[in-house]
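# Report on the structure
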Amino acid sequence: MNSVRNMFGNNTRSFRAGPLVKKILRRGVSTQELDATKGDRERVVILGSGWSGFVLSRELSKKKFQTVVVSPRSYFAFTPLLASTAVGTLEFRTTLESVRARRTGVEFFQGWADDVNFAEKRLRIEEAVLRPSLLPPAKGEKPISHDGKEAQLSKKGQIFDLKYDKLVVAVGCYSQTFGTPGVRENAFFLKDITDARRIRKRILECFETASLPTTSDQLRDQILNFAVVGGGPTGIEFAAELFDLCHEDLRNFYPSLIPHINITIYDVAPKILPMFDSKLADYALNLFKRDGINIKTEHHIESLKPGLPGSPTNDGGCFTLKTKQEGEFGVGMCVWSTGLMMNPFIQKSLDTVHTYPTSSATLSAPISSPPTDKKWSLKRHPKSGGLLVDSHFRVKLIPRHGDVESRTASLNDTMVTGKRSPPEATMHDVFALGDVSVLEKGQLPATAQVANQEAKWLGQALNKGNEDGKEFTYNNLGVMTYLGNWKAIMQGGQGQEIKGRTAWLIWRGAYLTKAMSWRNKLLIPAYWVINWIFGRDISRF
């Protein structure tokens, strides 16, 4: 890459690459080269490579738009199958799609958006590539550089600016921990492929430790005690996949440990799977009881810390989970899946609008003074803090009054009492999709299905140049959840109810057809067949 650049000298501002050189430089494109290849196309910058961001990047016409994705990760993860990868039913790469795939015409920068100037249509990006090239160390390990020496991770990446014509905010949300002590540091989440890798490694660590002759009976019971916090589809599916792994594969290698395995699902709500009809939820509950999976509702988690219960040190190889109802007890692993919290970029970086974007914003009603004389903020949902958008996913501005709390309270009063709301402005070149957006006409569930439909609708509207046309309408295709042992439940958009093996076949077929590339559409069923014949791979690496 550097040798290609050196052929043309260091003056990249005056450099105009030919077609062959553009292709060579494609993997390391600079902002100057982006400007040189833009032509008369509009530049659409997409923040995030999750469901909304990735689908939209594939949907946009490359003849009409120059699509640029900015994300700290260079791939898209097919989240519905993460639980399968965490237990070895599928390999990790079968759920991944590269943002830099061939023949897509999508440019990519690996970084975080640090600030946005809506008036100048300019983003400030912090690079997310480690210097020197490092793999993130596992817990308890030290980062090692390419020369084998211990290295330090940079806390702050270099900053660069990126101009846009249209901006789409699709950065997604983080796992909600409710400030529970120790959860952020010690729990295992299931939001990304790196989480699935950690979980898979930890499961096998627990069994290897439990099988050692030096392990006491008390520690063996504790380290094979698996806690899943959250009774939604993600938590339920992981518990089911873990049950399958233990009773279909690990029992052949650790037969004496199987009686010691304990899987428990904790939820603060009075019932699990609240999005399903009570008949289907009860079917799942009864099936889990028969399989020996414990369901403990109305349980409040108070803390999670490393070490044995009652031990003053962090040694012991397990964690201590404390609930309000049962006190402290040891667990080998705690998988946390209790909902979403707003991305810090939405909470902090987008909190202040530097200058009113006169050229791209339209006021809902006339105001007495020029809008540039006022301080503006993004319009947010009073509870979640998400960006309130119209039925075309355009982000709105409202006058800034005092601090964040007073603005939120004022907006909440308006929504509850029906009093006249303050004047607002709609930005016609800034959109928000997925978990960070909330439609004014009604909040939709934070699911992959919703994000996928939103991205496809916006992509088609932009391609047609008809952003002000027909409003977005959500088409509820239903929900489904795997329950283990080749059984599942499904509730259609019109209320249809299917359970058992038939629902499991639909569950597998639906996710197979939704895979983004033909590569993964071939790999996923191939691994299903391979693991059915030969069993899951239990290698620990």
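Here is a short report on the structure shown in this document. Note that the structure is a prediction, hence the values are computed from the model and not measured. (Residues numbered from 1 in each chain as written. Predicted model: local features only at pLDDT ≥ 70, side-chain atom pairs only at ≥ 80, totals over all residues. Heavy atoms only, no water.)

Let us now look at the overall build of the protein. For the protein, the count of helices and strands is 15 helices and 26 strands. A burial count over the protein gives 48% of its 541 residues as buried. Put simply, the protein shows about 26500 Å² of open surface, and 52% of that area lies on carbon and sulfur atoms. (Helix = DSSP H or I, 4+ residues; strand = E, 2+ residues; numbered from the N terminus. Buried < 20%, exposed > 50% of the residue type's maximum accessible area, 1.4 Å probe, protein only. Areas by Shrake-Rupley, 256 points an atom, 1.4 Å probe, with all protein chains shown as cover.)

We now examine helix H15 (residues 518-534). With 17 residues, H15 should reach 24 Å at 1.5 Å per residue; the first-to-last C-alpha distance of 24 Å fits that figure. Within H15, the full set of buried residues consists of Asn520, Ile524, Trp528 and Asn531. Axial view of H15: buried residues confined to an arc of 80°, hence all on one face. Exposed side of H15, more than 90 degrees from the buried face: Trp518, Leu522, Ile533 and Phe534 are the residues found there. At its buried positions, H15 is contacted by strand S4 (96-98) and helix H14 (501-514). Where H15 terminates, the next one or two residues include Gly535, which has phi positive at roughly 90°. (Expected span 1.5 Å × (residues − 1). Arc of directions from axis to C-beta. Contact = heavy atoms within 4.5 Å.)

In this section: the side chain of Ser84. Mapped onto the fold, Ser84 is located in helix H5 (residues 82-86). On the accessibility criterion, Ser84 (2% relative accessible area) is buried. Side-chain polar atoms of Ser84 contact the side chain of Glu241, separated by 2.7 Å. When residues no more than four places from it in sequence are discounted, the contact partners of Ser84 are Thr89, Leu90, Glu241 and Trp507. (Polar contact = N/O pair within 3.5 Å; in protein donor to acceptor, adjacent residues only side chain to side chain.)

Now for the nonpolar core. Counting residues in each nonpolar core, the largest one holds 139 residues, and the members touching the most others are Phe118, Leu167, Phe207 and Phe238. If you tally residues by element for this core, the top one is helix H9 (residues 233-253), at nine residues. Residue contacts for Phe207: discarding those within four places in its chain leaves Leu224, Phe226, Cys246, Leu250, Tyr254, Leu257 and Ile261. (Core = buried A, V, L, I, M, F, W, Y, C linked by side-chain atoms within 4.5 Å.)

Looking now at the pairing of strand S8 (residues 166-169). Side chains Lys166 and Val168 of S8 all project onto a buried face; the interleaved residues Leu167 and Val169 project onto the opposite face, where all are buried too. Relative to S8, strand S1 (residues 42-47) runs parallel, the two being bridged by four bridges. Across the sheet, Leu47 pairs through a bridge with Val169, a residue of S8. Bridge count between S8 and strand S22 (residues 425-432): three bridges; the pairing is parallel. Paired with Val168 across the bridge in S22 is Phe431. (Pairing = 2+ DSSP bridges.)

Relative to the 20 Å expected for 14 residues at 1.5 Å per residue, H14 spans 20 Å between its end C-alpha atoms, a close match to the ideal helical length. Listed in full, the buried residues belonging to H14 are Ala503, Trp504, Trp507 and Tyr511. Here the buried residues of H14 occupy an arc of 105° about the axis, which is enough to place them on one side. Summarising the geometry of H14, the exposed residues directed more than 90 degrees from the buried face are Leu505 and Thr513. Next to the buried residues of H14 lie H5, H9, strand S24 (479-484), strand S25 (487-491) and strand S26 (497-500).

With that settled, the discussion passes to the packing of H14 against H15. Two elements in contact, H14 and H15, have axes separated by 8 Å at closest approach and are oriented at 145°. Every pair of crossing elements has a handedness; the one defined by H14 and H15 is right-handed. Within the contact between the two elements, H14 uses Arg508, Leu512 and Thr513 and H15 uses Lys521, Ile524, Pro525 and Trp528. (Axes fitted to C-alpha atoms, helices over the stretch in contact; angles between N-to-C directions. Left-handed = near helix turned anticlockwise from the far one by under 90°.)

We now examine the environment of Val55. For Val55, the position within the fold is in helix H4 (residues 51-59). Taking relative accessible area as the criterion, Val55 reaches 5% and is therefore assigned buried. Residues Val55 and Phe76, 21 residues apart in the sequence, show an inter-C-alpha distance of 9.3 Å. Non-local contacts of Val55, meaning those with residues more than four positions away in its chain, are made with Gly50, Asn452, Ala455, Lys456 and Met516.

Attention now moves to the sheet that holds strand S10 (residues 225-229). Backbone-to-backbone hydrogen bonds pair the strands of a sheet. The strands run either parallel or antiparallel. Spatially, four strands are ordered S12-S11-S10-S16 in an open sheet, and the strand pairing comes out parallel. The outermost strands of the open sheet, each flanked by one partner alone, are strand S12 (294-297) and strand S16 (333-336). On average, adjacent strands in this sheet sit at an angle of 20° to one another, irrespective of strand direction. Bridge analysis of strand S11 (residues 262-267) against S12 gives four bridges, and the strand direction is parallel. The partner of Thr264 across the bridge, within S12, is Asn294. In the packing of H9 onto the sheet, the strands contacted are S10, S11 and S16, and the crossing angle to S11 comes to about 175°.

Right, let's get into unusual backbone geometry. If you check the backbone angles, Asn485 has positive phi at about 55° while not being a glycine. By secondary structure assignment, the location of Asn485 is in the loop between S24 and S25. Despite not being glycine, Trp486 shows a phi value in the positive range, around 65°.

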